[in-house]
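The lines below spell out each chain.
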Amino acid sequence: MQAKPTGSGKRSQSENNRQQQAARRQEKAERLQAEGGEALQHERRFGNKNAAMPVADGEQSPREQRRAPAAGKPRAEGKSLVIKAKKLRLRSPSQDVKEKSKRLREVRLDKEQIEPVRLQKALSASGVGSRREMEEWIEAGLVMVNGKKANLGDRVGPEDRVTAKGDVIKLKWADRLPRIIMYHKQEGEIVSRDDPEGRVSVFERLPQAKSSRWVAVGRLDVNTSGLLLITTSGELANRMMHPSFEVEREYAVRVLGELTPEIAKEMTAGVELEDGPAAFQRVFQRGGAEEGANQWYNVVIKEGRNREVRRMFEHFGLTVSRLIRVRFGNLGLPPRLKRGQFYELNEAEVAAVMKWSDLTMTGRKKTRGSKAE
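What counts as what
- The residue numbering used here restarts from 1 in each chain and proceeds along that chain's sequence as written.
- Per-residue local features are limited, in this predicted model, to residues with pLDDT of at least 70; the limit for side-chain atom pairs, both in listing and counting, is 80 or more; totals at the level of whole chains, interfaces and linings are taken over all residues.
- With hydrogens and water excluded, all non-hydrogen atoms of the structure serve as input to the side-chain values.
- In this description, strands pair whenever DSSP reports at least two bridges between them.
- We count a stretch as a helix when DSSP gives it H or I for four or more residues in a row; a strand needs E for two or more, and each element gets its number in order from the N terminus.
- Patch membership is restricted to residues that have no salt bridge and whose relative accessible area is over 30%. Joining uses 9 Å for like charges and 5 Å for the nonpolar side chains Val, Leu, Ile, Met, Phe, Trp and Tyr.
- Only the protein chains shown count as covering a residue, and every accessible area follows the Shrake-Rupley method with a 1.4 Å probe.
- For this document, the term salt bridge refers to a Lys or Arg side-chain nitrogen within 4 Å of an Asp or Glu carboxyl oxygen.
- Counted charges follow a simple rule, with Lys and Arg positive, Asp and Glu negative, and His plus the chain ends left uncounted.
- Think of each charge as sitting on NZ of Lys, CZ of Arg, CG of Asp or CD of Glu.
- Relative accessibility under 20% of the residue-type maximum defines a buried residue, over 50% an exposed one, and the middle range a partly exposed one, all with a 1.4 Å probe and only protein chains included.
- Only the stretch in contact is used when fitting a helix axis, every axis being a line fitted to C-alpha atoms; angles between N-to-C directions are given from 0 to 180 degrees.
- Angle categories are assigned with fixed cut-offs, so that under 35 degrees is roughly parallel, over 145 is roughly antiparallel, 65 to 115 is roughly perpendicular, and the rest are oblique.
- By the convention used here, residues are in contact when the closest approach between their heavy atoms is within 4.5 Å.
- Each residue gets one of three labels, nonpolar for Ala, Val, Leu, Ile, Met, Phe, Trp, Tyr, Cys and Pro, charged for Asp, Glu, Lys and Arg, and polar for the others, Gly among them.
- Side-chain atoms within 4.5 Å are what join buried Ala, Val, Leu, Ile, Met, Phe, Trp, Tyr and Cys residues into a set we call a nonpolar core.
- Put simply, two rings from Phe, Tyr or Trp (the six-membered ring, in Trp's case) pair if the centres are within 6.5 Å, and we call them stacked under 30 degrees between planes, edge-to-face over 60, tilted for the rest.
- Placement of a positive charge over a ring is assigned whenever Lys NZ or Arg CZ falls within 6 Å of the ring centre and within 35 degrees of the normal to the ring plane.

Asker: Lay out the sheet that holds strand β4 (residues 148-149) in plain terms, naming residues and giving numbers.
Answerer: Pairing is antiparallel across the open sheet formed by four strands, whose spatial order is β4-β3-β6-β7. Every other strand in the sheet has two partners, leaving β4 and β7 (167-169) as the edge strands with one partner each. Pairing of strand β3 (residues 143-145) with strand β6 (residues 162-164), which is carried by three bridges, proceeds in the antiparallel orientation. Of the residues in β6, the one forming a bridge with methionine 144 is threonine 163.

Asker: Before we move on, can you summarise a negative patch on the surface with the specific residues and values?
Answerer: Taken together, the side chains of Glu133, Glu136, Glu139 and Asp194 present a region of like negative charge at the surface. Structurally, glutamate 136 is set in helix α6 (residues 131-139).

Asker: Break down the environment of lysine 265 for me, with residues and values.
Answerer: Looking at where lysine 265 falls in the secondary structure, it is placed in helix α9 (residues 261-269). Residue classification places lysine 265 among the exposed residues on the basis of a relative accessible area of 64%. Separated by 15 residues in sequence, lysine 265 and phenylalanine 280 place their C-alpha atoms 9.5 Å apart.

Asker: Run through the packing of helix α4 (residues 95-106) against helix α11 (residues 347-356), naming residues and quoting values.
Answerer: With their axes 7 Å apart at the nearest point, α4 and α11 run at an angle of 70° to one another. The pairing of α4 with α11 is recorded here as roughly perpendicular in orientation. The residues of α11 that touch α4, namely those facing Val97, Lys100, Ser101, Leu104 and Arg105, are Glu347, Ala348 and Ala351. A breakdown of the residues in the contact of α4 with α11 according to their chemical character gives four nonpolar, one polar and three charged.

Asker: Any chance you could break down the nonpolar core for me, citing the residues and the numbers?
Answerer: If you look at the biggest cluster of nonpolar residues, it comprises 35 residues, and the most contacted ones within it are Val253 and Phe313. With residues up to four places along the chain from it excluded, the contact list for phenylalanine 313 reads Val253, Val255, Leu259, Met267, Phe280, Val299, Leu318 and Val320. Membership of the second largest hydrophobic core comes to 24 residues, among which are Tyr343, Leu345, Val350 and Leu359.

Asker: Outline the pattern of salt bridges, listing residues and values.
Answerer: All chains considered together, the criterion is met by 19 salt bridges. Here lysine 121 makes a salt bridge to glutamate 235, at a shortest N to O gap of 2.6 Å. Separated by 114 residues along the polypeptide, lysine 121 in helix α5 (residues 119-125) and glutamate 235 in helix α8 (residues 234-241) bring together distant segments of the chain. Here lysine 121 falls in the partly exposed class, since its relative accessible area comes to 23%. Judged by relative accessible area, glutamate 235 falls into the partly exposed class, the value being 29%. Arginine 311 is the salt-bridge partner of glutamate 274, the closest N and O atoms lying 3.3 Å from each other.

Asker: Talk me through the packing of aromatic side chains; I want residue IDs and the actual numbers.
Answerer: Tallied over the entire structure, the rule returns one aromatic pair. For the pair phenylalanine 280 and phenylalanine 313, a centre-to-centre distance of 5.9 Å together with 45° between the ring planes defines the contact as tilted. Of the two residues, phenylalanine 280 is situated in the loop between β13 (276-278) and β14 (282-290) and phenylalanine 313 in helix α10 (residues 308-315); the sequence distance between them amounts to 33 residues. Using a relative accessible area of 1% as the deciding quantity, one classes phenylalanine 280 as buried. A relative accessible area of 0% places phenylalanine 313 in the buried class. The ring centre of phenylalanine 203 lies 3.9 Å from the NZ or CZ of arginine 193, which sits over that ring.

Asker: Please give an account of the environment of glycine 363 that cites residues and values.
Answerer: Mapped onto the secondary structure, glycine 363 falls in the segment after α11. Placed 130 residues apart in sequence, glycine 363 and serine 233 show a C-alpha to C-alpha distance of 6.6 Å. Residue contacts for glycine 363: discarding those within four places in its chain leaves Ser233, Glu235 and Met354.

Asker: An account of unusual backbone geometry is requested, with residue identities and associated values reported.
Answerer: Of note, asparagine 146 is a non-glycine position whose phi angle comes to about 55°, a positive value. Residue arginine 307 is not a glycine yet carries a positive backbone phi of 55°. Structurally, arginine 307 can be placed in the loop between β15 (294-301) and α10. The class of arginine 307 is partly exposed, set by a relative accessible area of 34%.

Here it is as structure tokens:
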């Protein structure tokens, strides 16, 4: 009678199988690498979607890269490794809000009501590229309007036919309420689409805007976290960012060192930085001491110059160890919105922001006697 294999024998056989499978995967990856990138892409598209190049000594595997924190570390090539932000889901709004949101969602402007805009602006808003890039295309003669070579300064409307590099472009128009996202930016992420260092962009974290292009309302540097507003309305972004509108930004600041009442008074009175005068609107302490020498303060400022809050504290010999934006205009960072999460405002909330910004629902500037569209 044949003896049954023992438990240790089964484990040894299973381990051998796993080693053989790993060896086959490694061999296949090396073969694909030798054949070139096209073979690898073909394998991922039509065969094994998890096919990957062999990992060199000292490098992290894709699984390790996905598990590792993104903050401050260059990521490997391949945008598929970027972890998408999770959407914050709140309780269902009231029936009145649901009905109002549904009505607003269905509102559209007639083509006759849409005013012509600059060509590079229309192309950028339609997701073709940045305005600067579109200007370069126009100057290079790569853009045609109604069969004629376009020039910088040309304006187009819904009835115009536009081609770029020989392809017909379906322009998108602000004929409806825009979208607004509140994103809790993490440290280590950049607010840009291009970065030579390969750092993670907030635009890679967020869902794609199918009918338009996301625009960040102001920026946060790589070491600053907190509230970042992102919208499909360039007019709304400009309205909230432009210095002439003096929209408040509020930050929570953890400071190493003592911020005396005299220093706080000077900060609100104004100091001279290398790029001009700067001042906080308000400075107030939040909570008690943390980790001994660290203190938390909130500051309010009405402009968004590069690293302005940090430089204000550095002017007085104080080091900022944490900087979090907690409010932009009339929108505050929701307590439930954790780092790396986003919340998309419903139509009723977006309409309230447009009204607060003194814009029509499609982002046009209001004129005297104008009514909501």
